[in-house]
Amino acid sequence: MMCFDVEKIKQNINKSIIVYILGCCCFVCVALWSLWFGYYVIRYQDEHEWPLQLAVISIAGGVLLWEMLRAFRFKNMLPTAYKVTTAQEFPVLFDAIAEVTENLKLSPIHKVYICPDATAAVFIQPYLRNLFFEPKRELVIGLGFLTQMDDEEIRAILYHEFGHYVQHEELDFRLRDWSVFSFVCSCQGG
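What you see is a predicted model, and the numbers here were worked out from it, not measured in a lab.

Undergrad: Can you walk me through the pattern of salt bridges in this structure?
TA: As a working rule, side chains carrying opposite charge can pair if their charged atoms are close by. According to the stated counting rule, one finds two salt bridges in the structure shown. With a shortest N-O distance of 2.9 Å, E99 and R155 are connected by a salt bridge. Note that E99 is positioned in helix α3 (residues 91-103) and R155 in helix α5 (residues 151-167), a separation of 56 residues in sequence. Residue classification places R155 among the buried residues on the basis of a relative accessible area of 17%. Residue R155 is joined to E152 by a salt bridge in which the shortest nitrogen-to-oxygen separation is 3.4 Å. Taken together, the positions of R155 and E152, both in helix α5 and three residues apart, correspond to about one turn of that helix. What you see here is one network of salt bridges that share partners, running through E99, E152 and R155.

As structure tokens, this is what we get:
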């Protein structure tokens, strides 16, 4: 049976996150420097003999910075069939969600989606802010469950889905959500 050293995995993830953040900072510095350099070449072209074509570096820096900012904006990758719902549309469902999150001492759900399938899942959208703040949980539940199950069965499904988060509550949110390893295996016999 395979066993992972969770502390070593967490250290490697921490190291990777630090390298990633430092790399992003260096990238932003280079892009800003190229913007400033292009401005300098254009603004003070009479005071030096640099060719004006060096201002192209400024355009490249601007493009790099723009692309980096775009990369940090993740698009919602949910299927188009997933529709956001409100407590006015499904009051019993939202009461059950509030009860489950309160009993499990979890933060409230950010959004609830209804889909045509018989599915249920609690998930977190991949946003950069999740590295620094507690991620906002979202729930998708299928009409197949809502139409075919009674309130107690729906509560059981909600407890199951939210239970995935409660089991790992001792792990740091930022590491767990960005980690490939979202489980801990136990070693048998030392």
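Undergrad: Before we go on, may I ask you to explain the packing of aromatic side chains in this structure?
TA: The description of two aromatic rings rests on the distance between their centres and on the angle between their planes. Considering all chains together, one arrives at four aromatic pairs under this definition. These aromatic residues form a ring-pair network of at least three members: W36, Y40 and Y44. The lysine or arginine in question, R43, covers the ring of Y44, its NZ or CZ lying 5.3 Å from the ring centre.

Undergrad: Just checking my understanding: could you explain the pairing of strand β3 (residues 120-124) for this structure?
TA: Along a regular strand, successive side chains alternate from one face of the sheet to the other. Most of β3 is tucked away: four of the five residues are buried. Of the strand pairs in this sheet, β3 and strand β4 (residues 137-142) are connected by five bridges, and their pairing is antiparallel. Counterpart to F123 in the pairing with β4 is E138.

Undergrad: Honestly, the confidence of the model for the protein chain in this entry has me stumped. Any pointers?
TA: Detailed reading of the predicted model is not advised wherever pLDDT is low. Mean pLDDT for the protein chain: 76, with 77% of residues reaching 70 or above. This stretch, residues 170-190, has a pLDDT under 50; its non-local contacts, to residues over four places away or in other chains, come to 37 contacts.

Undergrad: It is not clear to me how the pairing of β4 should be interpreted in this structure. Could you clarify?
TA: Within β4, six of the six residues are buried, which leaves it mostly tucked inside the rest of the structure. Of the two faces of β4, the one holding R137, L139 and I141 and the one holding E138, V140 and G142 are both buried throughout.

Undergrad: Even after reading the chapter, I still don't get the environment of D117, so can you show me in this structure?
TA: Tracing the backbone shows D117 in the loop between β2 (111-115) and β3. Residue classification places D117 among the partly exposed residues on the basis of a relative accessible area of 42%. Expressed as a C-alpha distance, the spacing of D117 and I141, which sit 24 residues apart in the sequence, is 8.1 Å.

Undergrad: I'm lost on the state of the cysteines in this one. Help?
TA: By definition, a disulfide links the sulfur atoms of two cysteine residues through a covalent bond. Counted according to the given criterion, the structure contains zero disulfides. Distance from the sulfur of C25, which forms no disulfide, to the nearest cysteine sulfur (C29) is 6.7 Å. According to the relative accessible area criterion, C25 is partly exposed, its value standing at 42%.

Undergrad: Could you clarify how one ought to interpret α3 in this entry?
TA: Residue pairs three or four apart in sequence face the same way in an α-helix, which turns once every 3.6 residues. For α3, which comprises 13 residues, the first-to-last C-alpha distance of 18 Å matches the rise-based estimate of 18 Å (1.5 Å per residue) to within 8%. Looking only at α3, the buried set comprises L93, A96, I97, V100 and T101. Each buried residue of α3 lies within a common arc of 125 degrees when the element is viewed along its axis, so the set occupies one face. Turned more than 90 degrees away from the buried face of α3, the exposed residues are D95 and E102. Phi turns positive, to about 55 degrees, at K105, one or two residues after α3.

Undergrad: Can you walk me through the nonpolar core in this structure?
TA: Side chains that are nonpolar tend, in soluble globular proteins, to be buried together. One finds L93, I97, L139, I141, L158 and F162 to be the most contacted residues of the largest nonpolar core, which totals 20 residues. Mapped by element, the contributors of at least two residues to this core are α3, β2, β3, β4, α4 (143-148) and α5. Per element, the largest residue contribution to this core is five residues, and it comes from α5. When near neighbours in sequence (up to four residues on either side) are disregarded, L139 contacts I97, I109, K111, V112, Y113, A121, V122, F123 and L158.

Definitions and limits used
Once a new chain begins, its residue numbering starts again from 1 and follows that chain's sequence as written. With the structure being a predicted model, the display of local features is reserved for residues of pLDDT at least 70 and the display and counting of side-chain atom pairs for 80 or more, all residues being used for whole-chain, interface and lining totals. Only hydrogens and water are set aside when side-chain values are computed; all heavy atoms of the structure are taken into account. Put simply, a salt bridge is a Lys or Arg side-chain nitrogen that is within 4 Å of an Asp or Glu carboxyl oxygen. Helix numbers and strand numbers start at the N terminus; a helix is a DSSP run of H or I with at least 4 residues, a strand a run of E with at least 2. Here the term buried applies to any residue with accessible area under 20% of the maximum for its type, exposed to any over 50%, and partly exposed to those in between, with areas from a 1.4 Å probe on protein chains only. Only Phe, Tyr and Trp rings take part, Trp by its six-membered ring, and two of them pair if their centres are within 6.5 Å. Stacked means planes under 30 degrees apart, edge-to-face means over 60, and tilted covers everything else. For a Lys NZ or an Arg CZ to count as sitting over a ring, it must be within 6 Å of the ring centre and within 35 degrees of the ring normal. If DSSP finds at least two bridges between two strands, the strands pair. Predictor confidence is given residue by residue as pLDDT, running from a minimum of 0 to a maximum of 100. By definition, residues are in contact when any of their heavy atoms lie within 4.5 Å. Here, the term disulfide refers to a pair of cysteine sulfur atoms separated by no more than 2.5 Å. Here the expected span of a helix is defined as 1.5 Å times the quantity of residues minus one. It is the directions from the helix axis to the C-beta atoms that the arc portrays. Think of a nonpolar core as a cluster: buried Ala, Val, Leu, Ile, Met, Phe, Trp, Tyr and Cys residues, connected wherever their side-chain atoms sit within 4.5 Å.

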